[in-house]
Amino acid sequence: MSFLRLYLRVIALLAPEQRLATTLALANLALAGVFFLEPLLFGKVVDALAGSPGKAPRLIALWAGVGFAGVLANVWVSLHADRLAHRRRLAAIAVFFEHAASMPLSFHGEYHTGRLSRIMNVGVGNLFNLWLSFFREHLATLLSILVMVPVALWLNWKLALLMIALLLCFSVFNAVAVQRTHKAQGEVEELHHEIATRAGDVFGNVTVVQSFTRLAAESRALREMMTRTLDAQYPVLRGWAILSVLNRAASTLTIVAIFAVGATLHARGEISVGGIVSFVGFSMLLIGRLEQFATFLSNLFFQSQSLRDFFTVLDRKPEIEDRPGAIVLPRLRGEVVFEQVSFGYDPVQPALHDLSFRAEPGSTIALVGPTGAGKSTALSLLYRAYDPSAGRVTVDDHDVREVTLESLRQNIGVVFQDPGMFYRSILDNLRIGKPDADLTEIEKAVASAEAAAFIARKPEGLETMVAERGRSLSGGERQRLAIARAMLKDAPILILDEATSALDNATEARIQRALDRLTEGRTTFVIAHRLSTVRHADLILVLDQGRLVEQGKFDELIAEGGLFARLAEDGKFAPDAEVTEE
Ligand SMILES: Nc1ncnc2c1ncn2[C@@H]1O[C@H](COP(=O)(O)OP(=O)(O)OP(=O)(O)O)[C@@H](O)[C@H]1O
């Protein structure tokens with residue numbers, strides 16, 4: 001995106017408040033006019049005092065009035081411009097946040113949260129700065145230059161040619177500086193993103209960093225990245241410092257040249273000394289504006305890459321979105337069918353081949369198989385984290401790609417092995433399942449999920465804050481909150497990733513009891529690790545290297561003597577645990 005297009009896009013983001021933005025921009029231009037009016041009035045006052053002092057008081061009053069009105073108007077314009085810029089900044093955060101948060105998992109696999117947060121924060125910061133400068137300076141500067149050049153030509157075209165030559169010098173110097181440093185500044189911005197990503201990654205894994213005593217190594221790595229960033233940044237800064245010296249030198253030379261050419265013209269009787277002096281005064285004003293314009297270009301240059309990154313995220317089309325005319329699903333009965341479904345995260349190495357099965361409403365389907373067999377992947381196609389590359393997935397006879405994502409996901413409850421917890425109260429974490437749930441519903445869900453006793457032991461009960469990623473809760477507590485959350489959601493289809501490894505026998509048994517209540521009457525897909533789950537499942541799907549190698553009931557599969565029988569024989573399923581009260 002060129003600088004001009006980028007800049008226009010930034011300004012176009014003010015469109016929702018177009019009328020106010022235009023008024024403010026025009027008011028600022030008018031104020032710039034008042035700025036020129038004041039010296040004029042000042043001159044008139046001086047003339048009046050020298051010639052006819054009787055007129056002076058009226059002119060002084062007019063001068064004071066104009067000055068005062070100018071100050072008041074300035075305050076009004078600045079205040080509203082600031083408010084507008086603040087409003088639009090928050091609106092830009094909201095738009096970016098909603099867009100990025102709605103992007104599919106593949107996008108979030110690509111963009112680390114540290115990078116995404118930086119792109120958002122730096123991007124909106126730069127938008128804000130450009131909007132404010134747009135109101136305060138840009139228009140007035142541009143208009144001044146556009147007006148002053150013809151005026152200079154009118155004053156004395158020969159001397160004005162020198163000013164035009166200066167304008168060309170500024171343009172060429174800036175173009176060369178941008179061209180020479182553009183790529184390097186892109187690298188600098190990328191390094192800043194990498195620093196943010198690395199720091200975010202370390203904060204997110206602080207337990208690992210500390211327990212593996214990685215702090216010194218991580219700090220060292222971060223400092224090395226900073227050194228690389230500075231190594232890349234210095235040449236760019238040097239380039240722009242040289243540019244500013246060249247601009248200054250060209251300005252000074254132009255003024256000297258105006259004097260020299262002016263002297264020659266004076267010798268020929270073409271211009272008076274007063275004429276030279278006033279032209280120089282005028283040129284100084286124009287040079288001031290040109291330098292402002294150069295500063296604007298340099299600011300835009302240094303902000304451009306982060307703005308481009310901001311717009312790249314905003315322009316990214318989600319691979320998974322509602323098709324035109326997508327149906328809003330009602331509450332489903334819960335029939336799920338996979339028809340010859342294939343999928344691969346990368347096209348060369350498919351993760352699922354030709355998977356077909358039918359799940360009757362209300363049945364329990366256990367997915368088993370060695371690690372990496374494709375169990376989680378298969379279920380992620382059901383709630384459309386990804387779309388199949390071949391075949392289709394249907395719910396109650398609707399292809400999941402033909403229905404709205406929102407209504408599909410409202411019909412599916414998920415309890416992940418690592419249940420995501422927010423840095424909010426336990427209550428707020430539960431209300432993720434049903435935002436308008438009242439306390440009676442919450443307490444019922446908490447009791448069914450066997451979570452009441454541990455919540456009661458927390459200092460502030462339901463209002464207790466949960467640490468980031470649920471670090472202040474045990475694995476079993478997190479699981480039970482996730483089950484309560486799914487109970488509140490009350491979806492007809494349920495996906496469970498059984499967690500067993502981290503839990504003691506008693507906790508596991510309590511979780512099992514909670515899960516049994518949760519799954520009642522729902523079509524339930526379980527990534528099964530427990531013997532009781534597979535034994536009681538209505539259908540067991542055995543996956544191996546992305547293929548469905550066996551399917552049937554427990555006894556049938558044992559009798560078949562295939563992979564499932566071998567897994568069961570090798571004790572791959574955890575035995576059932578016994579319930580003891582908390
Ligand atoms: N987001 C991803 N991007 C790329 N490859 C992935 C991604 N998620 C999983 N895979 C790969 O896809 C294959 C299937 O993984 P999947 O998580 O579905 O297996 P699984 O049967 O659920 O394993 P486990 O029992 O260990 O959880 C694996 O080879 C895995 O490395």
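Bear in mind that the values here come from a model prediction, so they are computed numbers and not experimental data.

> So what's going on with the side chain of Ser283? Residues and values would help.
Mapped onto the fold, Ser283 is located in helix α9 (residues 273–315). For Ser283, a relative accessible area of 1% translates into the label buried. Apart from residues no more than four positions distant in its own chain, Ser283 is found in contact with Met163, Ile255 and Ile258.

> Let's hear about the site of the ligand: which residues, and what values?
The environment of the ligand is formed by Tyr345, Thr371, Gly372, Ala373, Gly374, Lys375, Ser376, Thr377 and Tyr386. Separating an oxygen atom of the ligand from a backbone N or O atom of Ala373 is a distance of 3.1 Å. A distance of 2.9 Å separates an oxygen atom of the ligand from a polar atom in the backbone of Gly374.

> Before we move on, can you summarise the side chain of Arg478 with the specific residues and values?
Summarising the element assignment, Arg478 is placed in helix α15 (residues 475–489). No salt bridge is formed by the buried Arg478. Its closest oppositely charged neighbour is Asp418, at 4.7 Å. Not counting residues within four places of it along the chain, the set of residues in contact with Arg478 comprises Pro419, Met421, Arg469, Gly470, Arg471 and Leu473.

> Explain the environment of Leu352 to me, and be specific about the residues and the numbers.
Positionally, Leu352 belongs in strand β2 (residues 352–359). Considering only alpha carbons, one finds Leu352 and Thr394, 42 residues apart in sequence, at a separation of 17 Å. Contact partners of Leu352, with chain neighbours within four places excluded, come to Val341, Ser342, Phe343, Gly374, Thr377, Ala378, Leu381 and Gly546.

> Please give an account of the packing of aromatic side chains that cites residues and values.
The full count for this structure, using the stated rule, is 17 aromatic pairs. Taking 5.0 Å as the distance between ring centres and 80 degrees as the angle between the ring planes, the aromatic pair formed by Phe343 and Tyr345 counts as edge-to-face. Phe343 sits in the buried class, given a relative accessible area of 6%. The exposure class of Tyr345 is partly exposed, given its relative accessible area of 48%. Taken together, the ring pairs in this structure connect Phe3, Trp240, Phe301 and Phe302 into an aromatic cluster. One Lys or Arg, Arg535, reaches over the ring of Phe554 and ends 5.6 Å from the middle of that ring.

Rules behind the numbers
- Residues numbered from 1 in each chain as written.
- Predicted model: local features only at pLDDT ≥ 70, side-chain atom pairs only at ≥ 80, totals over all residues.
- Heavy atoms only, no water.
- Helix = DSSP H or I, 4+ residues; strand = E, 2+ residues; numbered from the N terminus.
- Buried < 20%, exposed > 50% of the residue type's maximum accessible area, 1.4 Å probe, protein only.
- Contact = heavy atoms within 4.5 Å.
- Near = heavy atom within 4 Å.
- Polar contact = N/O pair within 3.5 Å; in protein donor to acceptor, adjacent residues only side chain to side chain.
- Lys, Arg positive; Asp, Glu negative; His and termini not counted.
- Salt bridge = Lys/Arg side-chain N within 4 Å of Asp/Glu carboxyl O.
- Phe/Tyr/Trp six-rings, centres within 6.5 Å; stacked < 30°, edge-to-face > 60°.
- Lys NZ or Arg CZ within 6 Å of the ring centre and 35° of its normal.

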